[in-house]
Amino acid sequence: MTPWRPRSKSGRYKVLLALVILAGAALLAWVAVSLTKAASIGKDALEQANRIIALGPRPCGSEAHQKAQAAIVEKLTSSGMAVDQDHFTAKTPVGSVPMNNIIGRIPGRGGISQRTIILATHYDTKLVRDFRFVGANDGGSGTGLLLALAPLLVKQNYRHNIWLVFLDGEEAFREWSATDSLYGSRHMAGELKARGIAPQIGAFILLDMVGDADLGILQDSNSTPWLRDLVWKAAARLGYSKHFLSTGTAMEDDHMPFLQAGIPSVDVIDFDYGPGNSYWHTVHDTADKLSAQSLQIVGDVVLETLSELDGQ
Ligand SMILES: [Zn+2]
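Source: prediction; values computed, not measured.

Examining the sheet that holds strand 2 (residues 95-106)
What the six strands build is an open sheet, ordered 1-2-4-3-5-8; its pairing is mixed. The sheet terminates laterally at strand 1 (82-92) and strand 8 (265-269), the two strands that pair on one side only. The mean inter-strand angle of the sheet, taken between neighbouring strand axes irrespective of direction, is 20°. Direction of pairing for strand 3 (residues 116-122) relative to strand 5 (residues 201-208): parallel, over a ladder of five bridges. Within the sheet, the bridge partner assigned to Thr 116 lies in strand 5 and is Ile 201. Helix-sheet contacts for helix 4 (residues 183-194) involve strand 1, strand 2, strand 3, strand 4 (161-167) and strand 5, and the interaxial angle to strand 2 is about 60°.

Put into structure tokens, the structure is as follows:
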């Protein structure tokens, strides 16, 4: 037997050429599949967000706020989730206000050390009387992304339970303070603690202002370090380090009451919205500032983080 040899130089080039063409075709197919996958979450999240934003300003107790609740419940239910609504009345500086935390539950397949992972956002918009505030990024973006993730998460066979939590009353009615802010998250964290459920929550991941076309997620120093590191490593693995910054600040957001209940929590927030954060809580927080690509990036990082947590 003789070792196999290319018949001729030109034959060798033909083999090489064929290999190059095959490799090229495989690469193109991979890129096509990646792009299809890439296009879907972000595009869907933007559509979901736009549907909510189109309802107009959604301060607690308004008709648009009730319509947002109905849209959230409908999407979670049609995705195949069991949905709980926790109606409560909050005492605010403008009087008693009806609020409602909405929770979609996906049971995990169970096993040793099964926990519950919460993905959360707030869906109310700040009560503003002197201009039309639709909260596209602040209230709309996180809601749209969680709604887009709902049908995907239902199909995953995670070991841990997943809860999609739409918190009400994040915004202050007058001035942000310990008592005038975070109504929904304070209520829910209090309930989890009172019922002895808090220790079963493995992680609380908050998405807030995640749709800015100029995406820069800051490192919140209040977040639980190991969980924040897990999210940032997931982003780095996916090549998104440009958008998950190495700098940050201390954020007071819906994760605070969960942290205080002893639950590992992270705030995924882009708090640099427009030049000098000038779009935040202003008439400029509109749908045209959002991008499907930014929502896609955060969605990918959430899914990568969940896979990582599910292996723990
Ligand atoms: Zn806000």
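Re helix 4
The end-to-end C-alpha distance of helix 4, which contains twelve residues, comes to 16 Å, matching closely the 16 Å that a straight helix rising 1.5 Å per residue would cover. Here helix 4 has its buried residues at Tyr 183, Gly 184, Ser 185, Arg 186, His 187, Met 188, Ala 189 and Leu 192. Next to the buried residues of helix 4 lie strand 1, strand 2, strand 3, strand 4, strand 5 and helix 6 (255-260). Once helix 4 finishes, Gly 196 follows within two positions and takes phi at roughly 75°, a positive value.

Looking at the environment of Asp 300
Mapping Asp 300 onto the fold places it in helix 7 (residues 292-310). Among the residues examined, Asp 300 registers 20 C-beta atoms within 10 Å and is labelled buried. Separated by 258 residues in the primary sequence, Asp 300 and Gly 42 have C-alpha atoms spaced 9.1 Å apart.

Quick word on the packing of helix 3 (residues 136-155) against helix 7
Viewed as axis vectors pointing N to C, helix 3 and helix 7 meet at an angle of 55°, and their least axial separation amounts to 11 Å. One element, helix 3, and the other, helix 7, form an angle in the oblique class. Handedness of the helix 3/helix 7 crossing: right-handed. Residue-level inspection shows Ser 141, Gly 144, Leu 145, Ala 148 and Leu 149 of helix 3 in contact with helix 7, the latter providing Leu 295, Val 298, Gly 299 and Val 302.

Observations regarding the nonpolar core
Core analysis: the largest hydrophobic core is formed by 69 residues, its most contacted members being Leu 119, Ile 205 and Val 268. Once residues lying within four places of it in the same chain are set aside, the contact partners of Val 268 are Ile 205, Leu 206, Leu 207, Val 210, Ile 217, Val 231 and Val 298.

Description of helix 3
Taking 1.5 Å per residue, 20 residues should reach 28 Å; helix 3 reaches 28 Å between its end C-alpha atoms and fits that length. Of all bends in helix 3, the biggest is about 35°, found at Leu 149, and the proline Pro 151 comes one to four residues later.

A closer look at the environment of Gly 61
The topology assignment puts Gly 61 in the loop between helix 1 (9-53) and helix 2 (63-78). For the pair formed by Gly 61 and Gly 169, sequence separation is 108 residues and the distance between their alpha carbons is 10.0 Å. Apart from the residues lying within four places of it in its own chain, the contact partners of Gly 61 are Val 97 and Pro 98.

A word on the pairing of strand 2
Strand direction decides the pairing type here: strand 1 and strand 2, joined by eleven bridges, are antiparallel. Bridge pairing in strand 2 links Thr 89 to Pro 98. Two successive antiparallel strands, strand 1 and strand 2, enclose a turn made up of two residues. The pairing of strand 2 with strand 4 spans five bridges and is classified as antiparallel. Looking across to strand 4, one finds that Ile 106 is bridged to Ile 162.

Analysis parameters
Residues numbered from 1 in each chain as written. Predicted model: local features only at pLDDT ≥ 70, side-chain atom pairs only at ≥ 80, totals over all residues. Pairing = 2+ DSSP bridges. Helix = DSSP H or I, 4+ residues; strand = E, 2+ residues; numbered from the N terminus. Axes fitted to C-alpha atoms, helices over the stretch in contact; angles between N-to-C directions. Contact = placed C-beta atoms within 7 Å. Expected span 1.5 Å × (residues − 1). Buried ≥ 20, exposed ≤ 12 C-beta atoms within 10 Å, placed from the backbone. Parallel < 35°, antiparallel > 145°, perpendicular 65-115°, else oblique. Left-handed = near helix turned anticlockwise from the far one by under 90°. Core = buried A, V, L, I, M, F, W, Y, C linked by C-beta atoms within 7 Å. Bend = angle between axes of the 7 residues up to and from the residue.

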